[in-house]
Amino acid sequence: MMFATRPAAINAARSVLRLRQSSAAFANNNVADAATTQQKRLKTSSPEFDAVVKKAFPGAISNTDLVNKVVGVLEGKGFANENTLLATSLCADELARVLEDEFVSVYGNNFNLGGLSGFPFAGNTGFGAMAAHIPDDGFCLLVHGPHVGICKNGQIGKVERQGIALVDNCCGSAIAASNYLKGITHGGAQITAKLQQFSDFQQGAVQELILPFGKRLSDAEDRMHELPYALYDSQEILVKDIVETGSGGIKKGLALLGGIQINTGPDSDDYFHPLRFDYYDENGVKVESLLPSIQ
């Protein structure tokens with residue numbers, strides 16, 4: 001009997017060893033993720049570049065300052081890690097994860113409502129599902145908005161990316177939609193069935209949702225600068241409808257932070273231009289604008 005049980009004992013020991021190794025790897029991954037987030041938070045922009053960004057986007061503040069201010073204000077409302085669900089509607093671009101990760105480091109994993117260009121493609125169904133995940137007697141912080149890049153030389157609509165020599169478009173989806181719209185307003189647009197294809201329906205939706213802003217973009221002194229603000233105004237209509245429709249799912253309170261993400265190169269802090277920071281009570285009623293407290 002002793003010999004019969006030895007293989008089972010050996011297998012059990014191996015299982016325990018694998019479990020310990022897996023747990024250690026998971027812990028190491030968490031440490032690495034935390035270290036990466038902390039490294040991002042420690043990035044600082046030179047005074048010269050900081051001035052370039054703030055001249056191009058008056059009202060912009062660094063991600064570091066934004067997160068510190070938002071968390072401080074919401075602490076006074078009772079928001080904490082254990083009772084707050086973070087929800088985001090930001091672009092699919094990996095650069096949009098930088099701000100998201102900074103808030104995740106405070107409140108934990110986020111519920112994603114967004115898609116290309118930051119539009120809330122999860123819609124009413126997604127918001128309802130998210131609201132059901134808010135802790136009992138807890139809060140939700142919803143962060144939303146489009147993003148735009150800015151290079152070291154101050155060019156808007158471009159950004160340096162880690163490991164890529166090419167200075168890339170940012171936001172690529174927004175610029176593609178802008179080019180589509182320009183083809184309509186300036187001529188040259190080609191009719192295509194691609195917009196109706198499921199394989200690219202988000203981009204098709206972005207292009208349709210930006211149509212009302214054709215003249216505004218055509219008249220803009222800097223189209224790439226105006227583009228994220230036009231996208232924000234389009235998204236704001238959708239976010240307002242989604243929040244109002246799903247307001248019955250708000251539990252103790254909802255903080256809604258909206259604005260423009262401003263992505264920079266890998267060696268600089270990113271920025272955010274806050275355009276709204278509203279607080280809704282448990283009845284889904286907007287009771288206060290918190291925007292002055294973070295400007």
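Residues numbered from 1 in each chain as written. Predicted model: local features only at pLDDT ≥ 70, side-chain atom pairs only at ≥ 80, totals over all residues. Heavy atoms only, no water.

What about the overall build of the protein chain?
What counts here: Labels follow the DSSP assignment, with helices taken as runs of H or I lasting at least four residues and strands as runs of E lasting at least two, numbered in each case from the N terminus. Using a 1.4 Å probe, the Shrake-Rupley method yields the accessible areas, and only the shown protein chains count as cover for residues.
Each helix and strand counted, the protein chain has nine helices and 10 strands in total. Here the protein chain has roughly 14800 Å² of accessible surface; of this, 55% comes from carbon and sulfur atoms.

Considering helix α6 (residues 172–185)
What counts is decided by this rule: Between the first and last residue of a helix there are one fewer steps than residues, each counted as 1.5 Å, and that sum is the expected span. For each residue, the accessible area found with a 1.4 Å probe, counting protein chains only, is set against the maximum for its type, and the residue is called buried under 20%, exposed over 50%, and partly exposed in between. Note on contacts: a residue pair qualifies if any of its non-hydrogen atoms lie within 4.5 Å across the two residues.
The end-to-end C-alpha separation of α6 is 20 Å, in line with the 20 Å expected for 14 residues at 1.5 Å each. For α6, the complete set of buried residues consists of Ser173, Ala174, Ile175, Ala177, Ser178, Leu181 and Gly183. Buried residues in α6 make contact with β7 (164–169), α7 (201–209), α8 (214–219) and α9 (223–245).

Regarding the pairing of strand β2 (residues 84–89)
Convention followed: Note: two strands are recorded as paired if DSSP finds a minimum of 2 bridges between them. If you view a crossover with the strands going away from you and the path from the first strand over the helix to the second runs clockwise, you call it right-handed.
Within β2, six of the six residues are buried, which leaves the element mostly enclosed by the surrounding structure. Across the two faces of β2 the burial is the same, with Thr84, Leu86 and Thr88 and Leu85, Ala87 and Ser89 all buried. Across six bridges, β2 lies against strand β4 (residues 139–144) in parallel orientation. By the bridge assignment for β4, Ala87 is matched with Leu142. The pairing of β2 with strand β3 (residues 110–112) spans three bridges and is classified as parallel. Looking across to β3, one finds that Ala87 is bridged to Phe111. Running through helix α4 (residues 97–107), the crossover from β2 to the neighbouring parallel element β3 is right-handed.

Quick word on the pairing of β4
Of all six residues making up β4, six are buried, and the element is well covered by its neighbours. Residues Phe139, Leu141 and Val143 line one face of β4 and the alternating positions Cys140, Leu142 and His144 line the opposite face, and both faces are buried. When β4 meets strand β8 (residues 253–263), the two strands line up parallel, connected through six bridges. Bridge assignment links Val143 to a residue of β8, and that residue is Leu257.

Describing the nonpolar core
Stated precisely, the cut-off is as follows: Only buried residues count toward a nonpolar core. Its members are Ala, Val, Leu, Ile, Met, Phe, Trp, Tyr and Cys residues joined through side-chain atoms within 4.5 Å.
Grouped together as the largest cluster of nonpolar side chains are 30 residues, with contacts concentrated most on Phe57, Ile150, Ile156, Ile210, Leu227, Leu231 and Ile262. Put simply, the parts of the chain that give this core at least two residues each are α2 (47–56), α6, α9 and β8. With six residues, α9 is the largest single contributor of residues to this core. Ile210 has contacts with Ala177, Leu181, Leu217, Leu227 and Leu231, leaving out every residue within four places of it along the chain. Phe79, Leu86, Tyr107 and Phe139 belong to the second-largest nonpolar core, a separate cluster that totals 23 residues.

Here's the deal with the packing of aromatic side chains
The condition that has to hold: Pairing of aromatic rings covers Phe, Tyr and the six-membered ring of Trp, with a centre-to-centre limit of 6.5 Å; geometry is then stacked below 30 degrees between planes, edge-to-face above 60, and tilted otherwise.
Scanning the model with the defined rule gives five aromatic pairs in all. Relative to Phe139, the ring of Phe79 has its centre 4.2 Å away and its plane inclined at 25°; by these criteria the two rings are stacked. Of this pair, Phe79 sits in the loop between α3 (63–75) and β2 while Phe139 is found in strand β4, placing the two residues 60 residues apart along the sequence. Side by side, Phe79 and Phe139 carry an identical accessibility label, which is buried.

Observations regarding unusual backbone geometry
Keep in mind that most residues, glycine aside, have a negative phi and that most peptide bonds are trans. Cys171 follows Cys170 through a cis peptide bond whose omega is 15°. Relative to the elements of secondary structure, Cys171 occurs in the loop between β7 and α6. Within the chain, Ser117 stands out as a residue other than glycine whose phi angle is a positive 65°. Turning to its location among the elements, Ser117 is positioned in the loop between β3 and α5 (123–132). One non-glycine residue with positive phi stands out, namely Asp137, at about 55°. A residue is classified by how much of its surface remains accessible, and Asp137, at 56% relative accessible area, is exposed.

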